[in-house]
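Structure assessment
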Amino acid sequence: MGDHVDERVFTRQDRTEFREKTARCLDALAMMLADGQFEIAEPRLGLEIELNLVDDACDPAMANAAALDAIADPAFQTELGQFNIEINVEPRPLAGRSVTDLEHALRASLNAADEKARSTGCGLAMIGMLPTLDEHHFTGEWLSADPRYDLLSQQILAARGEDIELRLDGPALGDGAERETLDIVCDTILPEAACTSVQLHLQVDPAEFAAYWNSAQAIAGVQVALAANSPFFAGKALWHETRIPLFEQATDTRSVELKNQRVRPRVWFGERWVTSIFDLFEENSRYFPALLPVSTDEDPFAVLARGGTPALAELRMHNGTVYRWNRPIYDGNGDRYHLRLENRVLPAGPSIVDVLADAAFYYGLVHALAQADRPLWTQMTFDAAEENLHAAARDGIESRLYWPELGGIGPRELVLRRLLALASEGLDGYGVDPAERDRYLGIIEQRCLTGRNGAVWQRENVAARERAGATRSQALHGMLADYLEHMHTGDPVHTWEH
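Residues numbered from 1 in each chain as written. Predicted model: local features only at pLDDT ≥ 70, side-chain atom pairs only at ≥ 80, totals over all residues. Heavy atoms only, no water.

Where two aromatic rings form a pair, the distance of their centres and the angle of their planes describe that pair. As enumerated under the stated definition, the model contains 15 aromatic pairs in all. With centroids separated by 5.2 Å and ring planes inclined at 55 degrees, the aromatic side chains of Phe269 and Phe382 adopt a geometry described as tilted. With Phe269 in the loop between strand 10 (267-268) and helix 8 (277-287) and Phe382 in helix 12 (residues 382-395), this residue pair connects regions lying 113 residues apart in the sequence. Residue classification places Phe269 among the buried residues on the basis of a relative accessible area of 3%. Residue classification places Phe382 among the buried positions, given a relative accessible area of 6%. (Phe/Tyr/Trp six-rings, centres within 6.5 Å; stacked < 30°, edge-to-face > 60°. Helix = DSSP H or I, 4+ residues; strand = E, 2+ residues; numbered from the N terminus. Buried < 20%, exposed > 50% of the residue type's maximum accessible area, 1.4 Å probe, protein only.)

Okay, structure coming up:
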């Protein structure tokens, strides 16, 4: 969730200074963009995967400190809850057979980490939301030890001025079943820790960033519909990708009155197509007060005058607490700096090959759309793209989305008729090996033909167990045990049986 922050109390002066420093960072970024000095590398695949820890009974294991000590690999880090860890994968070129190489390396790394974690009594679960989490897991004692997490929780609650309400209902679990409703109140942001995702990174030329961001926004609903894997939370069957609305609610800094005034939410799709990456950083600074106003002594203009790379620490800290579904990232490495697009809409899991199939589809499609002669975002409203995201999160692979020239259409038909060919074209543009391209996009194709993604499999498994007489808790624990067994085989979810 970002850089380490020491435990402290923020003053009014801290906030004033931080705002001024952030504005200065923003001015420096504008100058750097005008000078055209950003590093332009070959396209690279980079990703982060958030993971859950479970014990032998498939309950959450509050043991990330012990698990990380046992894993002893700097690629693995803490996350918000003590039942979370994260793996960061070093970026690598997209061309050739890099995705297959990454699949093998990632499987070896996660298998080794899982084996070491088991020495502490827990294993790794790669799933959008851990279905055995319950309300009693959302108290402050289960926050990870890094003071950043407690500070962030305190700041969000202070900004709200009241506890966090989580309210949601979802499609019935089966024929004749009733819709289920979530209505709970929490005094921490720990429910956000239930939302475990895959975050895809793409280094982008600043001149092309707007085209790539707009493309990623336009396809966010399709991504979620295909990859939904979060249908259960706190014992309830809710949206197919409950992670989307839950994350929006669990980190919402607005009171009811501020929502009524249409103040922008902290978890934000945005409100318009953009013409420059600067638009995004400027909106973040203009619309959102600081949550973690930690200032440094750096003068970014002095660093630039010396020919160095400014850290822009205040801008990066602030940017890290505005949770756009597609987020701009500024980063430096030695004496070079670059910009990345971080795609945050995908859930973790179900298997490594599913994750990489989703990644291949995203990278190929966003590239094809960004390079198109007639941009997609000139043919649909921004509101339509946002509505697609929430429709897909609610109803998953059987949702109804809007698409230019086609009107309302199901994501399965849309992908088979239009988008697979575009994704294939985009991967060709990146120089991906044809056999590798066909393998990963073939998984997406089969997911569409079978209509089975992670959310569908989970819902069907739980419904079958309940028809056989299991309680909801028994069904969720049993389903998760089956899920973990399938996850470890490495087979794509469309092939899983109950």
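After that view of the structure, there is still more to cover.
Okay, helix 13 (residues 411-430) next. For helix 13, built from 20 residues, the straight-helix expectation of 28 Å at 1.5 Å per residue is missed by more than 12%, its first-to-last C-alpha distance being only 25 Å. Leu419 marks where helix 13 bends most, by close to 50 degrees. Inspection of helix 13 places Pro411, Leu414, Val415, Leu419, Leu420, Ala423, Ser424, Gly426, Leu427 and Tyr430 among the buried residues, and these make up the whole buried set. As for helix 13, its buried residues are in contact with strand 7 (197-203), helix 5 (209-227), helix 11 (352-370), strand 14 (401-403), strand 15 (407-409) and helix 14 (434-450). Phi for Gly431, located one or two positions after helix 13, is positive at around 80 degrees. (Expected span 1.5 Å × (residues − 1). Bend = angle between axes of the 7 residues up to and from the residue. Contact = heavy atoms within 4.5 Å.)

Note: strand 1 (residues 44-54) against strand 3 (residues 84-93), 8 bridges, orientation antiparallel. Bridging from a neighbouring strand, Leu45 pairs with Arg92 of strand 3. Relative to strand 3, strand 2 (residues 76-78) is paired through 3 bridges, and the arrangement is antiparallel. Within strand 3, the position partnered with Gln77 by the bridge is Glu86. What sits between strand 2 and strand 3 in their antiparallel hairpin is a turn of 5 residues. (Pairing = 2+ DSSP bridges.)

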